[in-house]
Amino acid sequence: MTGLELIAAVLAMVLLMTWLARRLQLSEPLMLLGGGVLIGLTPRFGRVDLPPDVVLLVFLPALLYWETLTTSLREIKTNFRSIALQSTGLVVVTALAVAAVAHARGYAWPLAFVLGAVLAPTDVAAVAAVAKAMPRRILTLLRTESLLNDGTALVILAVSLELLTTGEPFSWAGTTLRFVESCAGCAIIGAAIALVLIPVRRHLKDRSLHSGLSVATPFLAFLPAEILHVSGVLAVVTCALVTSRTGPRLIRSDARLEATAFWEVTAFLPNGALFVLVGIQTPAAVRGLASISLLQATLIAGAVSATVIAARAAWFYTIPYLIRLVDRRAQQRRRRIGARQRLPLAWAGMRGAISLAAALTIRATTADGQPLAQRDAIVFITVVVITVTLTVLGPALPAVVRSARFAEDVDEAAEEELAVRQLARTALAELPALATRFPVPEGAVAHIAKDLCKQATPASGETHDQATRRERHISATYALETELLETERAALNDLRSRACIDDNVLRRVQRHLDTEEQRLSMRMSLLPSSAQGVGPGPSS
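Rules and cut-offs
- Residues numbered from 1 in each chain as written.
- Predicted model: local features only at pLDDT ≥ 70, side-chain atom pairs only at ≥ 80, totals over all residues.
- Heavy atoms only, no water.
- Phe/Tyr/Trp six-rings, centres within 6.5 Å; stacked < 30°, edge-to-face > 60°.
- Buried < 20%, exposed > 50% of the residue type's maximum accessible area, 1.4 Å probe, protein only.
- Lys NZ or Arg CZ within 6 Å of the ring centre and 35° of its normal.
- Disulfide = S-S within 2.5 Å.
- Core = buried A, V, L, I, M, F, W, Y, C linked by side-chain atoms within 4.5 Å.
- Helix = DSSP H or I, 4+ residues; strand = E, 2+ residues; numbered from the N terminus.
- Contact = heavy atoms within 4.5 Å.
- 1 Å grid on protein atoms, 1.4 Å probe; cavity = no way out; pocket = protein on both sides within 12 Å on 5 of 7 lines; lining within 4 Å.
- Points joined across faces, edges and corners; volume = space filled by probe spheres on them.
- Nonpolar A, V, L, I, M, F, W, Y, C, P; charged D, E, K, R; others polar.

Draft legend 1. Fine view of the packing of aromatic side chains. Applying the stated criterion to the full structure yields four aromatic pairs. Relative to tryptophan 263, the ring of phenylalanine 262 has its centre 5.4 Å away and its plane inclined at 75°; by these criteria the two rings are edge-to-face. Here tryptophan 263 falls in the buried class, since its relative accessible area comes to 3%. The structure contains a cluster of three or more aromatic residues connected by ring pairs, namely Tyr65, Trp66, Phe262 and Trp263. Of note, arginine 342 hangs over the ring of tyrosine 321, and the distance from its end group to the ring centre comes to 5.3 Å.

If you want it as structure tokens, here you go:
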């Protein structure tokens with residue numbers, strides 16, 4: 001079997017299982033995991049060994065970068081305390097709880113801590129795949145936690161592996177110092193890479209080079225951090241946060257559209273591929289189990305799975321209430337959520353390929369060349385915990401979110417409306433001066449001003465029903481224009497098929513039609529959801 005065959009099989013399974021999951025309205029991660037198991041059971045792919053560097057170097061930087069770029073920095077600042085506690089304290093508590101259970105089952109403390117570190121972080125791909133339809137604040141908490149907790153877990157894993165392979169005594173001071181050094185070092189490296197690239201982005205005029213630089217950026221941040229033995233994960237996140245603040249002023253619109261389209265595909269395929277790769281490793285983990293019996297390993301894995309889930313639930317139903325006793329400021333009281341709304345946070349503890357990659361980084365021998373006992377069991381337990389969390393927690397999360405009865409997040413819609421109106425007012429104020437610089441007829445300027453006035457000023461005295469009808473009329477107009485574009489596109493293809501125009505001409509005109517369709521789609525997305533999706537009316 002060649003690497004190309006594996007890549008082809010994984011991509012084909014991603015597309016097939018995603019299509020089936022959406023067609024049957026089933027959990028995508030679970031379907032992808034099952035598809036990977038099917039591949040792993042075939043003789044052709046039964047002996048696939050997943051190099052941990054494939055996940056930690058190829059997949060992880062790109063996924064972290066895009067997820068961070070699409071996360072609100074303002075919300076991170078507002079919820080920083082909760083995010084910091086979840087990405088550090090919760091990781092440590094989970095690692096300790098898993099280690100205690102593993103030690104009670106006969107594992108030495110260093111090996112037990114290795115298992116705890118491997119299973120402590122939630123997975124960014126798993127959380128992003130299922131944590132949808134949540135309010136902005138809850139979604140930010142979950143996404144940012146999954147972005148940052150890898151760094152904490154990998155530091156704990158590095159210390160635990162050092163204790164395990166060298167036999168050196170554990171030191172809280174040394175571990176804390178290493179964690180602080182890792183966080184400080186990665187923040188400096190990530191911010192430095194982002195700042196160095198600012199003048200580069202400013203002088204790039206070619207959109208393809210802009211897109212290429214966007215692809216390279218997460219790896220430019222990740223690799224130096226890893227070489228210097230600090231957290232590459234946090235370096236990528238820091239770099240993306242700085243870039244998200246400076247990028248809108250530096251990146252041209254065509255480059256931004258191209259890069260966004262690329263990253264959407266990049267996020268879709270690797271996310272799916274990670275679940276498939278975990279599934280492929282499942283049969284191999286069962287076959288490779290030799291240090292203990294399958295029954296013993298399954299019982300331990302079951303106990304650890306329950307511990308991972310219970311530790312997260314215990315955290316979210318204890319720590320926030322203890323903080324409330326200390327911090328009773330009015331602004332914090334306004335941000336409190338009830339026990340029902342806290343359940344989705346406690347429930348979204350899916351593990352994924354990051355944990356598997358961390359387990360596979362465990363060397364098979366110690367520093368003196370002796371075989372490392374029960375490494376195979378660590379990999380097996382990790383695969384089982386990933387499968388259990390994806391199977392039990394993932395499919396039920398939408399129902400848990402519905403049961404939480406979150407209040408409608410009206411702030412985001414209000415902010416969007418504020419932005420649209422303020423931009424229109426600014427453009428309207430600048431229109432007379434700008435119009436003198438271009439040979440535009442007065443009628444055209446008046447038409448532009450009329451459109452801007454509609455955007456800048458809410459209709460006075462308009463009832464809710466009248467506003468809804470007006471928005472539906474606007475939506476229907478956009479839908480009509482979109483259908484006209486389809487008619488033009490069909491005519492364009494007909495001209496090409498009759499050899500009236502060249503393929504290059506078709507592509508240039510087609511790009512214009514596609515851009516116009518995207519413009520209509522973007523305008524449609526700014527309308528309220530009740531006004532979107534208006535189809536053709538009855539024919540007369």
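Draft legend 2. Molecular detail of the state of the cysteines. Summed over all chains, the structure comprises zero disulfides. Between cysteine 239, a free cysteine, and cysteine 186, which holds the nearest cysteine sulfur, the sulfur-to-sulfur gap is 12 Å.

Draft legend 3. Just the nonpolar core, in detail. Counting 108 residues, the largest nonpolar core has Tyr107, Val304 and Ile381 as its most contacted members. Take this core: its biggest share by element is eleven residues, from helix α12 (residues 253-287). In contact with isoleucine 381, not counting residues within four places along its chain, are Tyr107, Leu115, Leu119, Ala297, Ile300, Ala301 and Val304. Counting residues in each nonpolar core, the second largest holds eight residues, with Leu485, Leu506, Leu513 and Met524 among its members.

Draft legend 4. The arrangement of empty space enclosed by the protein in detail. With the rule as written, the count across this model stands at one cavity of 30 Å³ or more. Quantified by volume, the largest cavity comes out at close to 40 Å³. Lining the largest cavity are Gln86, Leu90, Val91, Thr94, Ala120, Thr122, Glu145, Asn149, Arg312 and Arg351. Put simply, the parts of the chain that give the lining of the largest cavity at least two residues each are α5 (80-104) and α8 (136-166). When residues in the lining of the largest cavity are grouped by element, the largest group, four residues, is from α5. Broken down by class, the residue content of the lining of the largest cavity amounts to three nonpolar, four polar and three charged.

Interpretation in functional terms is not warranted from these geometric data alone.
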